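Coordinate inspection notes
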Amino acid sequence: SSETFWTTTGMFPQEFIIGFPKCVKISKVAIQCYLVRTLRIERSVSKDPVGFEQCIEKDLQHTEGQLQMEEFPLPDFQATYLRFIIKSAFDHFVSVHRVMAEGT
């Protein structure tokens, strides 16, 4: 729902983890967020959310008054867990509105 979102608590870094029922092949990850400056995405292929490795780190563009929409193509990428780390922001609080992972 576009009416719901996850918001940070004001200090950085902040993170959240998304888990899949089993290891999946992901071809693309997309995120809709607001006021995120630096985002890192890590993955784990373990049965538990441990042993993360960095996949992507990107500085996002500031989009005053509208959501940031970023897509990350991930060729030959497998994961059981994805950890999203918001390293810095354009304000004290940021929000994440949607995360989409495409693949099989």
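Look a little higher up for the structure.
Everything numeric here is computed off the predicted structure, so don't read it as measured data.

1. Points about the packing of aromatic side chains
The way to describe two aromatic rings as a pair is by their centre distance and the angle between their planes. All chains considered together, the criterion is met by two aromatic pairs. Centroid distance Trp6 to Phe16: 5.0 Å. Interplanar angle 55 degrees. Geometry classified as tilted. A residue pair is termed long-range when its members are at least 10 positions apart, and Trp6 in strand E1 (residues 6-7) and Phe16 in strand E2 (residues 14-34) qualify at 10 residues. Three or more aromatic residues joined by ring pairs make a cluster, and in this case those are Trp6, Phe16 and Phe84. Against the face of Phe77 rests Arg43, its NZ or CZ located 5.0 Å from the ring centre. Lying across the ring of Phe52, Arg83 places its NZ or CZ 4.1 Å from the centre.

Cut-offs used in this document
Here the residue numbers are simple positions, counted from 1 along each chain's written sequence. Given that this is a predicted model, residues contribute local features only at a pLDDT of at least 70 and side-chain atom pairs are listed and counted only at 80 or more, while totals for whole chains, interfaces and linings are drawn from all residues. Excluded from the side-chain calculation are hydrogens and water; included are all heavy atoms of the structure. In summary, the pairing rule links any two rings of Phe, Tyr or Trp, Trp by its six-membered ring, whose centres are within 6.5 Å, and it sorts them by plane angle into stacked for under 30 degrees, edge-to-face for over 60 and tilted for everything else. Note on conventions: DSSP H or I runs of at least 4 residues are helices, E runs of at least 2 residues are strands, and numbering of each starts at the N terminus. Consider the ring centre and the ring normal. A charge sits over the ring if Lys NZ or Arg CZ is within 6 Å of that centre and within 35 degrees of that normal.

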